[in-house]
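This is what each chain is made of:
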Amino acid sequence: MMFEKKILITGGAGFIGSHVIRRFVNNYSNCLIINIDKLTYAGNLENLKEIETKSNYRFVKGDIVDADFIFKLFEEHQFDGVIHLAAESHVDRSISNPIEFINTNIIGTANLLNAFRSICKNTDEKRFYHVSTDEVYGSLGESGFFTEETSYDPRSPYSASKASSDHLVRAYHHTFKIPVVISNCSNNYGSHQFPEKLIPLAINNIKNNKPVPVYGEGVNIRDWLFVEDHALAIDMIYHKGKIGETYNIGGSNEWKNIDLIHKLCEIMDKKLNRLAGTSAKLITFVKDRAGHDLRYAIDSSKIQAALGWKPSVTFEQGLEKTVDWYLANEAWLNHITSGAYKTYYKQQYNIA
Ligand code: NAD
Ligand code: TDX
């Protein structure tokens, strides 16, 4: 079958990437969607079971840090577009092992930019979309919002590596005139998120009657967005975003960590038929994260006005959907926490 366009999505076996792949494979049957992913601890092909047999989808296991592999892939496919999500994404891991973040997030992005540049002949017809984070802007005090004009001030090895890759993307656009677009999004939550991040970790621990660790005094604030609304924004930016522009994406949904955990505990008590207050007894204050950013909050008026994007669910609806998904997908949780999903790859695809 001939496809009108070929789109490369990197990191498609991860949390956000799998939502983006599902959306693109289902909505754009005229496009061939190629997913490259290294399948680190965070990448899980089980996330893509629903679409893996569709004729417009291909998976290739590979590392974006491997420049030869990336060049050959671009030479073979001459992609029309790239949506780049592959990254090391967990702030705590970046504190214990920064080098992995520098390799994947900076060198990996540079490899993709070089390979993309090599296939850009008529630059207007292609695009390189870098999916980034609001953490590049640093930390807010009690008031104010991050806009697209806010100066970069990354403060963790993770955010410094993402800021660095954003700078490279803009520098390649400026210097080599390759067509790029960038978005910086706030904290995502939803199904298929690795249970090391706050919301799935808390759901999993409450379910298993384990302590729910709250860093410091739980006063840090995050702006939470349902992952499917991020995938919708990515779709709109990829198709309608203006070349060379940056778009901030956020839920206008700020929560202090401790209040969010209490809300989750209430939902879990109801879902698990526990007495009100049972789950909250699991809350345990632990040592704070080193360099813990106090507050993130996004001003997303640009994408709302320019592209007509807005979140489709309220936080109550999104959280309830999320809890329901984790409770209904016990096997997924057990596989990913035990590493047993590797057996599935072996049986299904003969991938080690
Ligand atoms: P994730 O950790 O769930 O998934 C990352 C994916 O990238 C995994 O499938 C992993 O196997 C793959 N990967 C890692 N290193 C690779 C390499 N060297 N080569 C190829 N593949 C590799 O991350 P996520 O939460 O889905 O985040 C996706 C992107 O969105 C990241 O770039 C992240 O910075 C950005 N982002 C995340 C959030 C959030 O709240 N999770 C918010 C804003 C932006
Ligand atoms: O056990 C925990 N206890 C706790 O109090 C964990 C894992 C986190 N926290 C706190 C730290 C943060 O203030 O909860 C908040 C959210 O933490 P994470 O889920 O680790 O997310 P964060 O550090 O805010 O980063 C996330 O959002 C921006 C993603 O991991 C990044 O990839 C994204 O760029």
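Just so it is clear, the model here is predicted, and its values are computed rather than measured. (Residues numbered from 1 in each chain as written. Chains lettered and ligands numbered in written order. Predicted model: local features only at pLDDT ≥ 70, side-chain atom pairs only at ≥ 80, totals over all residues. Heavy atoms only, no water.)

1. Here's the deal with the overall build of the chain
Now for step 1: A count of helices and strands for the chain gives 12 helices and 13 strands.
Now for step 2: Relative to the globule expectation of 20 Å for 352 residues, the C-alpha radius of gyration of the chain, 20 Å, shows essentially globular dimensions.
Now for step 3: Each principal axis of the C-alpha atoms in the chain carries an extent, and together these give about 65 × 50 × 40 Å.
Now for step 4: Sorting the 352 residues of the chain into buried and exposed places 55% on the buried side. (Helix = DSSP H or I, 4+ residues; strand = E, 2+ residues; numbered from the N terminus. Rg over C-alpha atoms; globule rule 2.2 N^0.38 Å. Buried < 20%, exposed > 50% of the residue type's maximum accessible area, 1.4 Å probe, protein only.)

2. Points about the site of ligand 1
Now for step 1: Surrounding ligand 1, one finds 28 residues, the nearest of these being Ile16, Asp37, Ser89, Tyr158 and Lys162.
Now for step 2: Within the backbone of Asn188, a nitrogen or oxygen atom sits 2.9 Å from an oxygen atom of ligand 1.
Now for step 3: Protein coverage of the free-state accessible area of ligand 1, which is 840 Å², stands at 96%.
Now for step 4: Going through the elements one at a time, helix H1 (15–27), strand S5 (127–133) and helix H5 (157–176) are the ones with two or more residues in the shell around ligand 1.
Now for step 5: Looking at side-chain class alone, the shell around ligand 1 contains 12 nonpolar, 12 polar and 4 charged residues. (Near = heavy atom within 4 Å. Polar contact = N/O pair within 3.5 Å; in protein donor to acceptor, adjacent residues only side chain to side chain. Areas by Shrake-Rupley, 256 points an atom, 1.4 Å probe, with all protein chains shown as cover. Nonpolar A, V, L, I, M, F, W, Y, C, P; charged D, E, K, R; others polar.)

3. Let's talk about the nonpolar core
Now for step 1: In this structure, Ile9, Phe24 and Ile83 are the most contacted members of the largest nonpolar core, which totals 36 residues.
Now for step 2: A per-element tally of this core places helix H7 (residues 227–240) first, with 7 residues.
Now for step 3: In this structure Ile83 touches Ile7, Leu8, Ile9, Thr10, Phe24, Tyr129, Val131, Ile234 and Tyr238, once residues within four positions along its chain are discounted.
Now for step 4: In terms of nonpolar packing, the next biggest core, distinct from the first, is built from 29 residues, Ile258, Ile261, Ile283 and Leu333 among them. (Core = buried A, V, L, I, M, F, W, Y, C linked by side-chain atoms within 4.5 Å. Contact = heavy atoms within 4.5 Å.)

4. Overview of the site of ligand 2
Now for step 1: Taken together, 20 residues lie near ligand 2, and Thr133, Glu135, Tyr158, Arg289 and His292 sit nearest.
Now for step 2: Note that an oxygen atom of ligand 2 is positioned 2.7 Å from one of the side-chain N or O atoms of His292.
Now for step 3: Of all the secondary structure elements, the ones that give two or more residues to the shell around ligand 2 are helix H6 (198–207) and strand S8 (212–215).
Now for step 4: In terms of residue count, the dominant contributor to the shell around ligand 2 is S8 (3 residues).
Now for step 5: Grouping the amino acids of the shell around ligand 2 by side-chain chemistry returns 8 nonpolar, 7 polar and 5 charged.
Now for step 6: Three or more residues apiece are contributed to the shell around ligand 2 by two domains, here domain 1 (5–189 + 224–249) and domain 2 (198–221 + 254–291 + 313–341). (Domains from an automatic or database assignment.)

5. With respect to helix H11 (residues 330–338)
Now for step 1: Within H11 the residues assigned to the buried category are Trp332, Leu333 and Ile336. Axial view of H11: buried residues confined to an arc of 95°, hence all on one face.
Now for step 2: One or two residues past the end of H11 sits Gly339, with phi positive at roughly 80°. (Arc of directions from axis to C-beta.)

6. Side note on the pairing of S8
Now for step 1: The side-chain alternation of S8 yields one buried face, formed by Val212 and Val214, and one unburied face, formed by Pro213 and Tyr215.
Now for step 2: Two strands pair when backbone bridges link them, and S8 and strand S13 (residues 283–286) are joined in this way by 4 bridges, in the parallel orientation. Note that in S13 the partner of Val214 across the bridge is Phe285. (Pairing = 2+ DSSP bridges.)

7. Regarding the packing of helix H10 (residues 315–328) against H11
Angle between the axes and distance between the axes: these two values describe a pair of packed helices.
Now for step 1: Viewed as axis vectors pointing N to C, H10 and H11 meet at an angle of 75°, and their least axial separation amounts to 5 Å. Compared by their axis directions, H10 and H11 come out roughly perpendicular. Residues Trp325, Tyr326, Leu327 and Ala328 of H10 form the contact with H11, whose own contacting residues are Glu330, Trp332 and Leu333. (Axes fitted to C-alpha atoms, helices over the stretch in contact; angles between N-to-C directions. Parallel < 35°, antiparallel > 145°, perpendicular 65-115°, else oblique.)

8. Details of unusual backbone geometry
Now for step 1: The phi angle at Gln78 is positive, at roughly 45°, despite the residue not being glycine.
Now for step 2: Topologically, Gln78 is positioned in the loop between helix H2 (67–77) and strand S4 (81–84).
Now for step 3: Its relative accessible area of 32% is what places Gln78 among the partly exposed residues.

9. Some details on empty space enclosed by the protein
Now for step 1: Counted by the stated rule, this structure contains 1 cavity of 30 Å³ or more.
Now for step 2: Looking at the largest cavity, its volume works out to about 50 Å³.
Now for step 3: Taken together, Val91, Ile95, Glu135, Ser156, Arg222, Arg289, Ala290, Gly291, His292, Asp293 and Tyr296 make up the lining of the largest cavity.
Now for step 4: Residues that form the lining of the largest cavity fall into these classes: 4 nonpolar, 3 polar and 4 charged.
Now for step 5: Here the lining of the largest cavity gathers at least three residues from each of two domains, domain 1 (5–189 + 224–249) and domain 2 (198–221 + 254–291 + 313–341). (1 Å grid on protein atoms, 1.4 Å probe; cavity = no way out; pocket = protein on both sides within 12 Å on 5 of 7 lines; lining within 4 Å. Points joined across faces, edges and corners; volume = space filled by probe spheres on them.)

10. Focus on the state of the cysteines
Now for step 1: Summed over all chains, the structure comprises 0 disulfides.
Now for step 2: Cys31 takes part in no disulfide bond, and the closest cysteine sulfur, belonging to Cys120, lies 17 Å away.
Now for step 3: On the accessibility criterion, Cys31 (5% relative accessible area) is buried. (Disulfide = S-S within 2.5 Å.)

11. Here we look at the domain arrangement of the chain
Now for step 1: In terms of domain boundaries, the chain breaks down into domain 1 (5–189 + 224–249) and domain 2 (198–221 + 254–291 + 313–341).
Now for step 2: Placing a centre on the C-alpha atoms of domain 1 and another on those of domain 2 gives a separation of 27 Å.
Now for step 3: With 16 residues of domain 1 in contact, the opposing surface of domain 2 contributes 20 residues.
Now for step 4: Remark: the boundary between domain 1 and domain 2 carries 1 salt bridge.
Now for step 5: Between Asp92 and Arg289 there is a salt bridge, with the nearest N and O atoms lying 2.6 Å from each other.
Now for step 6: Joining domain 1 to domain 2, the criterion identifies 5 residue pairs in polar contact (both at pLDDT 80 or more).
Now for step 7: The element best represented in the side of domain 1 that touches domain 2 is helix H3 (residues 91–96), accounting for 3 residues. (Salt bridge = Lys/Arg side-chain N within 4 Å of Asp/Glu carboxyl O.)

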